[in-house]
Every structure is written in C-alpha cells, then in structure tokens.
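Now for the letters of each chain:
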Amino acid sequence: DAKTTQPPSMDCAEGRAANLPCNHSTISGNEYVYWYRQIHSQGPQYIIHGLKNNETNEMASLIITEDRKSSTLILPHATLRDTAVYYCIVSSNTGKLIFGQGTTLQVKP
Amino acid sequence: DTGVSQDPRHKITKRGQNVTFRCDPISEHNRLYWYRQTLGQGPEFLTYFQNEAQLEKSRLLSDRFSAERPKGSFSTLEIQRTEQGDSAMYLCASSGRTASSYNEQFFGPGTRLTVL
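Each value, and the rule that gives it
- Residues numbered from 1 in each chain as written.
- Chains lettered and ligands numbered in written order.
- Predicted model: local features only at pLDDT ≥ 70, side-chain atom pairs only at ≥ 80, totals over all residues.
- Heavy atoms only, no water.
- Disulfide = S-S within 2.5 Å.
- Helix = DSSP H or I, 4+ residues; strand = E, 2+ residues; numbered from the N terminus.
- Buried < 20%, exposed > 50% of the residue type's maximum accessible area, 1.4 Å probe, protein only.
- Phe/Tyr/Trp six-rings, centres within 6.5 Å; stacked < 30°, edge-to-face > 60°.
- Contact = heavy atoms within 4.5 Å.
- Buried area = accessible area lost by both parts, 1.4 Å probe.
- Salt bridge = Lys/Arg side-chain N within 4 Å of Asp/Glu carboxyl O.
- Polar contact = N/O pair within 3.5 Å; in protein donor to acceptor, adjacent residues only side chain to side chain.
- 1 Å grid on protein atoms, 1.4 Å probe; cavity = no way out; pocket = protein on both sides within 12 Å on 5 of 7 lines; lining within 4 Å.
- Points joined across faces, edges and corners; volume = space filled by probe spheres on them.
- Nonpolar A, V, L, I, M, F, W, Y, C, P; charged D, E, K, R; others polar.

### Comments concerning the state of the cysteines
All names here are of chain A.
Part 1 of the argument: Going through the model one piece at a time under the given rule, you end up with 2 disulfides over all chains.
Part 2 of the argument: In this model Cys22 forms its disulfide with Cys88; the gap between the sulfur atoms is 2.1 Å. With the S-S dihedral at roughly -80 degrees, the linkage between Cys22 and Cys88 falls on the left-handed side. Linking Cys22 in strand β2 (residues 18–23) with Cys88 in strand β8 (residues 84–91), this pair joins segments that are 66 residues apart in sequence.
Part 3 of the argument: Residue classification places Cys22 among the buried residues on the basis of a relative accessible area of 2%.
Part 4 of the argument: Judged by its relative accessible area of 0%, Cys88 falls in the buried class.
Part 5 of the argument: Its sulfur unpaired, Cys12 is 18 Å from the next cysteine sulfur, which belongs to Cys22.

Rendered as structure tokens:
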C-alpha cells in the first residue's frame, strides 16, 4: 500500500473550515484515499473515502487532485468536538488499513 | 445495533501471565480485524478474519499471540507469557460483506493492556 505524508499538527478556529492535507505521491491506480479520525481514548472512526472524484458526506468533503498525488479533507465548520487525530490512508479494497501518525487537529474556541 | 464491543476495557496483568480479549463485531459484518496501538502511534494491523477463516497475520503477531473466530461471530485475541512490550491498546474493527466496504471499518473502544 502507498505511503502518505501528513503534517503532524494543525490548529483551527471553531466555526471555521479545517483543511487537512495529505500527500500520497506513490498511489496506485486501484488505491482509494480513506480518512479516519480518532478522538482521544476512542477507536478510530471512518470519515470518507474517494478514488479520483471529489466526495462529500455529512461529516466532510474530500478533494483529490487530478493527478491523485495529494488530497485535502475539509471539515466545513469545525467544532470543539472535531479535535482529534486525523489519518489519511491509501489502500485498495483489501481491508488492511495501514495507519501513519496522522495529523492532530486542535480546534480552538 | 450497538456497534463493535470489546471486553474488557482495561486489563492489568503481571509479566508472564496469559490474557484473553474478546471482540463482538456488528452482527451483519463478516470481516473482523485486530489492531494494536501504542502511545503516540497510529494503529498497527495485526490480523483479520473473513467469517471464521483467518486470512492474514502481520509479522507483528508473534507466536505468543493467537486469534480465533470459531463461529464467525465474536473473536478472541490471546497473548501468552505477556511481556512489558505488549502494553498497548488492542482495537477490534468489523466491516461489511462487499469488497467496496472492506476498508470502511467500524472500530470498538479498545482494550487497554498494561503489563507490569
């Protein structure tokens, strides 16, 4: 599975959009981009995934560049409850998720 | 459905003892995964089952570790002769029956193991 690179930490003001970047320059054609988050002391939570088109659900939006070498997870109106570690994972449909160290997002009032 | 459950939530044991953890997946899910997470790190894949068949084991899963899913429902993870390095959060996840949903995993709250 391809490797991802994320900034170790980011801050965001409450109510503003949080834009979390991820680089995955070695992504293969059959690999999807998945985003999970992990709130302190809880198990990871699936957020969204995509192959090449932009995706949106009730939690977030995922923007994937045309060359698929990077993506951005957007939380449109961040709240304090969005404070968590966010993991970007690239994987084919194997079920085997390889987590990196993720980005710690701190939403501040 | 109440989601993925794990028992116990916390376990403290002495080095050399055996421990067993249980995971109950979401009832309609046929895939079940085990991960281990140490402080400050992301979860590490250990093994997974499709129904009762164990399809892959990570090289992280030493001979002291064994996982079972005898009836394709709940699963157990046993660690024999525990070592201090086994101290971690052990996470269980499950996912649905179609290939497109294998990576959409629902995680339990984890079992935190402390080996003294």
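### Description of the packing of aromatic side chains
Part 1 of the argument: Across all of its chains, the model carries 13 aromatic pairs over all chains by this definition.
Part 2 of the argument: Taken together, a centroid distance of 5.1 Å and an interplanar angle of 90 degrees make the contact between Tyr87 of chain A and Phe99 of chain A edge-to-face. Taken as a pair, Tyr87 of chain A in strand β8 and Phe99 of chain A in the loop between β8 and β9 (103–108) lie far apart in primary sequence, 12 residues in all. The pair formed by Tyr87 of chain A and Phe99 of chain A is uniform in burial state, with each residue classed as buried.
Part 3 of the argument: Summarising the aromatic geometry, the rings of Phe99 of chain A and Tyr35 of chain B are spaced 5.8 Å apart at their centres and angled 90 degrees between planes, so their arrangement reads as edge-to-face.

### A word on the interface of chain B and chain A
Part 1 of the argument: Of the residues lining the interface, 21 residues belong to chain B; the matching set on chain A comes to 19 residues.
Part 2 of the argument: Contact between chain B and chain A buries roughly 1,600 Å² in total, counting both sides, with carbon and sulfur atoms accounting for 48%.
Part 3 of the argument: Inspection of the region where chain B meets chain A yields 1 salt bridge.
Part 4 of the argument: The salt bridge partner of Lys96 of chain A is Glu56 of chain B, with a shortest N-O separation of 2.8 Å.
Part 5 of the argument: Where chain B packs against chain A, one counts 11 residue pairs in polar contact (both at pLDDT 80 or more).
Part 6 of the argument: Elements with a minimum of two residues in the side of chain B that touches chain A: β4 (31–37) and β5 (44–50) of chain B.

### Re the side chain of Arg37 of chain A
All names here are of chain A.
Part 1 of the argument: Relative to the assigned elements, Arg37 resides in strand β3 (residues 32–38).
Part 2 of the argument: A polar atom in the side chain of Arg37 sits 2.8 Å from the side chain of Asp82.
Part 3 of the argument: At 3.1 Å, the side chain of Arg37 forms a polar contact with the side chain of Tyr86.

### Some details on the layout of surface pockets
Part 1 of the argument: Approximately 450 Å³ is the volume found for the largest pocket.
Part 2 of the argument: Taken together, 21 residues line the largest pocket, and the ones lying closest to its centre are Gln38, His40 and Ser41 of chain A together with Gln37 and Gly40 of chain B.
Part 3 of the argument: Of all the secondary structure elements, the ones that give two or more residues to the lining of the largest pocket are β8 and β9 of chain A.
Part 4 of the argument: In the lining of the largest pocket, the residues fall into 7 nonpolar, 13 polar and 1 charged.

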